[in-house]
Structures are given as structure tokens and as C-alpha cells.
Amino acid sequence: MRAAIVAFAFVCLTGTAIAEGDPEYGQYLSAECVTCHQSSAGGTIPPLAGMNEDGFISMMKLYRSKQLENPTMQTVAMRLSDEDIAALAAYFSALEAPD
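Residues numbered from 1 in each chain as written. Predicted model: local features only at pLDDT ≥ 70, side-chain atom pairs only at ≥ 80, totals over all residues. Heavy atoms only, no water.

(A) Broad picture of the pattern of salt bridges. Summed over the entire model, instances satisfying the criterion amount to two salt bridges. One salt bridge connects Arg79 with Glu32, and the closest N-O pair in it is separated by 2.5 Å. Separated by 47 residues along the polypeptide, Arg79 in the loop between α5 (71–78) and α6 (82–94) and Glu32 in helix α3 (residues 31–36) bring together distant segments of the chain. Taking the relative accessible area as the measure of exposure, Glu32 reaches 44% and is therefore partly exposed. Linking Arg64 and Asp82 is a salt bridge whose minimum nitrogen-to-oxygen distance equals 2.5 Å. Here the residue Arg64 occupies a position in helix α4 (residues 53–64), and Asp82 occupies one in helix α6, the gap between them amounting to 18 residues. Taking relative accessible area as the criterion, Arg64 reaches 26% and is therefore assigned partly exposed. (Salt bridge = Lys/Arg side-chain N within 4 Å of Asp/Glu carboxyl O. Helix = DSSP H or I, 4+ residues; strand = E, 2+ residues; numbered from the N terminus. Buried < 20%, exposed > 50% of the residue type's maximum accessible area, 1.4 Å probe, protein only.)

So this is what it looks like as C-alpha cells:
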């Protein structure tokens, strides 16, 4: 778990994936995400609101390629296209980050 957190922080700070996503489509797709990633979720599940767009894209691609271990996130990411991931990134990055 510690490795995933370190990777998450690294990607958020140094993400290099650049894509133009449709935030409206991302909002449509976000229903499954916000089931677990609520602003008030606390614990080990991070909120997605206000997340760095490039960091989100990089993380999802790492889960999709199974370079990051989390069976739930791997399953979710494997169902998403690059367009879906970019749209979700655009949507979540446009939201205000929780306090």
C-alpha cells in the first residue's frame, strides 16, 4: 500500500500525460468513481475533486497496465479508454478540492 501512495504522489507531482478531455462526458462517467472517492471518504481512499489532471491520467494508466496493485482500481481502469480517462481527469480537476 505504501508503494501505491508513493507512486500516487510522484505521478501527481510529475505527471506527463497530456490530453484534452471533455468534462461533461467525465461527469457522466464519474458516478462509479464517486461511490468510493467521496470528499468525506477519508481513510485510504483519496477524494478525486481537484486532483491534478495529468496525475489522474497517469495513475489510471498505471492501474490499467497493472503496474499499481489494487484489484478494484485495475478492474475499473481496464474498462476505460484513453478518451474516458481524459474526460474523467478533466472533470475531477475542474472541481474544487476538499478542505
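That shown, we press on.
(B) Structural context of the confidence of the model for the protein. The pLDDT averaged across the protein works out to 85; a share of 77% of its residues lies at or above 70. Confidence drops under a pLDDT of 50 for residues 13–18, and excluding neighbours within four residues, the segment shows eight contacts in the predicted structure. (pLDDT = per-residue confidence, 0-100. Contact = heavy atoms within 4.5 Å.)

(C) Local environment of the nonpolar core. By size, the foremost hydrophobic cluster in this structure holds 19 residues, and its most contacted members are Phe56, Met60 and Phe92. Examining the composition of this core, we find that six residues originate from one element, α4, more than from any other. Not counting residues up to four positions away in its chain, the partners in contact with Phe56 are Leu48, Met51, Ile85, Leu88, Ala89 and Phe92. (Core = buried A, V, L, I, M, F, W, Y, C linked by side-chain atoms within 4.5 Å.)

(D) Focus on the packing of α4 against α5. It is the contact of α4 with α5, at a shortest axis distance of 7 Å, that shows an interaxial angle of 100°. On the basis of their axis angle, the class for α4 and α5 is roughly perpendicular. In this structure, α4 uses Met60, Tyr63 and Arg64 to contact α5, whose residues at the interface are Met73, Gln74, Ala77 and Met78. When its residues are assigned to classes, the contact of α4 with α5 shows five nonpolar, one polar and one charged. (Axes fitted to C-alpha atoms, helices over the stretch in contact; angles between N-to-C directions. Parallel < 35°, antiparallel > 145°, perpendicular 65-115°, else oblique. Nonpolar A, V, L, I, M, F, W, Y, C, P; charged D, E, K, R; others polar.)

(E) Seen up close, the environment of Glu83. As for its placement among the helices and strands, Glu83 is situated in helix α6. Judged by relative accessible area, Glu83 falls into the exposed class, the value being 58%. Considering only alpha carbons, one finds Glu83 and Asp22, 61 residues apart in sequence, at a separation of 8.4 Å.

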